[in-house]
Amino acid sequence: MRPLRLAVLVNPWAGLGGATALKGSDGLAVREEALARGAIPRAGERMARALGQLTAEGLTILTWGGAMGADAVAAAGLPATVLGSPGEPSAAADTERAVAAFAKAGVDLILFAGGDGTARNVAAALQAETHPPLVLGVPSGVKMHSGVFAVTPEGAAAVLEDLRQGALVTRLDGDVRDIDEAAFREGVVKTRFYGTLSVPAAPRWVQATKISGREQEPLVLEEIAADIAARMAASGDRLWVLGPGSTTAAIATHLGEGKTLLGVDVYQHLVRVAEDVTATELLTLTEGQPMALVVTAISGQGHIFGRGNQQLSPAFLRRLDPEHWHIVATRSKLLTLEGRPLPIDTGDPELDRALSGYRPVITGFEDEVLYAVGQAP
């Protein structure tokens, strides 16, 4: 199983203004007042509580120096690589600098301890990222109205453990919201929306397409098809390449178009424009064109590249923007893999490593789960 690349970040000032009735902890003056009133920093302790539920197996941890992460990781007895150090005292700019470094390092998930203010900093740092990592908050602040926090530190650890073990963890877009602290101290509640972060949620089996806990496959395939069709309709002139398989064939059926069951077909404006293409034909057809790819996992094996779809050559895959690479599969199919990753065997080991990671798998209409793809580097 590919190790989960986890970034650990702590806002050591988070929560100071709670017990001291300051209604928040944003700003150096407020922090100094909170400390003068006897506030005790607890964000690092709460992060250590979360990390203490985990083992080092299957984890690669990156963190920031001292109280901004390294101390909490050490307290939990876990090894980590420290990418940088905060200023003294640390500030919001340190959080944003750390998050940018984590994203550049290619982490799968950023686990942060803080409150809404910290979530704002994380969102700001990831705003320019084309493919931002997942984010999960260990609740440690005064204000935690954003939809990016676990219920407890132990809850955060449970979500991470599910993800590390290959369980079906749903990906959600969590709103980042914050209250105007100055107005709040005057008894006025003013909230503002600061964006969204991709958040892993505890696995839940709640789909309208299942009965008595079991998926009804024809309905699930129709939901997956409807999801992809909506994306295709909104994509303008983009070429859509559909790989082999019954799941991708269901998409073509939904469109009212044909599909080569064991081949690769190309669609544009919801219409098939090329069928059963070769690797060379696919390269020629997509040269210089915006494109998207839809693949599914082979039943039982789980392969998404290198088994039955060699038309999707390394040269083609290197052209593809990861944002427009979509994996589709029913949850039932994924569960048969018992947590094993979806293998990649393109014939190019360097490309296989580049494509590996935790990726969303479309399992229904506007429904995705996170799943490990590829092997350990």
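What counts and how
Residues numbered from 1 in each chain as written. Predicted model: local features only at pLDDT ≥ 70, side-chain atom pairs only at ≥ 80, totals over all residues. Heavy atoms only, no water. Helix = DSSP H or I, 4+ residues; strand = E, 2+ residues; numbered from the N terminus. Buried < 20%, exposed > 50% of the residue type's maximum accessible area, 1.4 Å probe, protein only. Contact = heavy atoms within 4.5 Å. Areas by Shrake-Rupley, 256 points an atom, 1.4 Å probe, with all protein chains shown as cover. Pairing = 2+ DSSP bridges. pLDDT = per-residue confidence, 0-100. Core = buried A, V, L, I, M, F, W, Y, C linked by side-chain atoms within 4.5 Å. Polar contact = N/O pair within 3.5 Å; in protein donor to acceptor, adjacent residues only side chain to side chain. Salt bridge = Lys/Arg side-chain N within 4 Å of Asp/Glu carboxyl O. Phe/Tyr/Trp six-rings, centres within 6.5 Å; stacked < 30°, edge-to-face > 60°.

1. Side note on the overall build of the chain
Here comes step 1: Summing up its helical and strand segments, the chain has 14 helices and 16 strands in all.
Here comes step 2: The proportion of buried residues among the 377 residues of the chain is 53%.
Here comes step 3: When contacts within the chain are restricted to residue pairs at least 6 apart in sequence, those whose partners lie at least 24 apart make up 68%.
Here comes step 4: Accessible surface, the chain: about 16300 Å² in total, of which carbon and sulfur atoms supply 52%.

2. Section: the pairing of strand 16 (residues 367–373)
Here comes step 1: Burial within strand 16 is extensive, with 7 of its 7 residues counted as buried.
Here comes step 2: Burial along strand 16 is two-sided: Asp367, Val369, Tyr371 and Val373 facing one way and Glu368, Leu370 and Ala372 facing the other are all buried.
Here comes step 3: The sheet contact formed by strand 6 (residues 169–179) and strand 16 spans 2 bridges and is antiparallel. In the strand pairing of strand 16, Thr170 is matched with Val369.
Here comes step 4: Where strand 15 (residues 357–364) meets strand 16, 7 bridges bridge the pair, whose relative direction is antiparallel.

3. Regarding the confidence of the model for the chain
Here comes step 1: The predicted model of the chain has a mean per-residue pLDDT of 84, with 85% of residues at 70 or higher.
Here comes step 2: Mean pLDDT across the elements of the chain bottoms out in strand 8 (residues 210–211) (32) and peaks in strand 3 (residues 81–82) (98).
Here comes step 3: Counting contacts from residues 18–23, a segment whose pLDDT is below 50, to residues more than four positions away or on other chains yields 17 contacts.
Here comes step 4: Across residues 203–213 the pLDDT falls below 50, and counting only partners more than four positions away or on other chains, this stretch makes 24 contacts in the model.

4. Focus on the environment of Phe149
Here comes step 1: Topologically, Phe149 is positioned in the loop between strand 5 (134–139) and helix 7 (153–164).
Here comes step 2: Classification of Phe149 by relative accessible area gives buried; the value is 17%.
Here comes step 3: Between the C-alpha atom of Phe149 and that of Asp116, which follows or precedes it by 33 residues, the distance is 9.3 Å.

5. Structural notes on the nonpolar core
Here comes step 1: One finds Leu6, Met47, Leu51, Phe102, Leu111 and Leu197 to be the most contacted residues of the largest nonpolar core, which totals 56 residues.
Here comes step 2: Looking at which element gives the most residues to this core, the answer is strand 1 (residues 4–10), with 6 residues.
Here comes step 3: Beyond its immediate stretch of four places on either side in the chain, Leu51 contacts Leu6, Val8, Ala72, Val73, Ala76, Leu78 and Leu111.
Here comes step 4: Core analysis: the next-biggest nonpolar cluster, separate from the first, contains 31 residues, Val264, Val277, Ala297 and Leu351 among them.

6. Digging into the side chain of Asp265
Here comes step 1: Its place among the elements puts Asp265 in strand 11 (residues 265–268).
Here comes step 2: Within the local environment of Asp265, its side chain forms a polar contact with the side chain of Arg272, the two groups lying 2.9 Å apart.
Here comes step 3: Ignoring any residue separated from it by four or fewer positions in sequence, one finds Asp265 in contact with Trp240, Val241, Leu242, Gly258, Lys259, Thr260, Arg272, Ala274, Glu275 and Asp276.

7. Focus: the pattern of salt bridges
Opposite charge on two side chains permits pairing when their charged atoms draw close.
Here comes step 1: Counted by the stated rule, this structure contains 12 salt bridges.
Here comes step 2: Taking the shortest distance from any N to any O, the salt bridge between Arg272 and Glu275 comes out at 3.7 Å.
Here comes step 3: We classify Arg272 as partly exposed; its relative accessible area is 23%.
Here comes step 4: For the salt bridge of Arg319 with Glu287, the shortest nitrogen-to-oxygen distance reads 2.7 Å.

8. Section: the packing of aromatic side chains
Here comes step 1: With the rule as written, the count across this model stands at 3 aromatic pairs.
Here comes step 2: Seen from their ring centres, Trp64 and Phe102 are 6.0 Å apart, and the 85° between their planes marks the pair as edge-to-face. Of this pair, Trp64 sits in the loop between strand 2 (59–63) and helix 4 (70–75) while Phe102 sits in helix 5 (residues 92–104), placing them 38 residues apart in sequence.
Here comes step 3: When the ring of Phe305 is compared with that of Trp325, the centres are 5.3 Å apart and the planes differ by 40°; the resulting orientation is tilted. Here Trp325 lies in strand 14 (residues 325–328) and Phe305 lies in the loop between strand 13 (291–296) and helix 12 (314–319), a separation of 20 residues in the sequence. An identical accessibility class is assigned to Phe305 and Trp325; each is buried.

9. Examining the environment of Arg319
Here comes step 1: Secondary-structure assignment places Arg319 in helix 12.
Here comes step 2: Spatially, the C-alpha atoms of Arg319 and Glu287 are 8.9 Å apart, while their sequence positions differ by 32 residues.
Here comes step 3: A distance of 3.1 Å separates a polar atom in the side chain of Arg319 from a polar atom in the side chain of Thr286.

10. Some words on the pairing of strand 13
Here comes step 1: Most of strand 13 sits inside the fold, with 6 of its 6 residues counted as buried.
Here comes step 2: Of the two faces of strand 13, the one holding Met291, Leu293 and Val295 and the one holding Ala292, Val294 and Thr296 are both buried throughout.
Here comes step 3: Alignment of strand 10 (residues 239–242) against strand 13, held across 4 bridges, turns out to be parallel. Considered in strand 13, the bridge of Leu242 is made with Val294.
Here comes step 4: Bridge analysis of strand 13 against strand 14 gives 4 bridges, and the strand direction is parallel. Bridge assignment links Val295 to a residue of strand 14, and that residue is Ile327.

11. A word on the side chain of Thr95
Here comes step 1: In this structure, Thr95 sits in helix 5.
Here comes step 2: The buried category is assigned to Thr95, whose relative accessible area is 4%.
Here comes step 3: When sequence neighbours within four positions are dropped, the list of residues in contact with Thr95 reads Leu9, Met68, Thr118, Asn121 and Val122.

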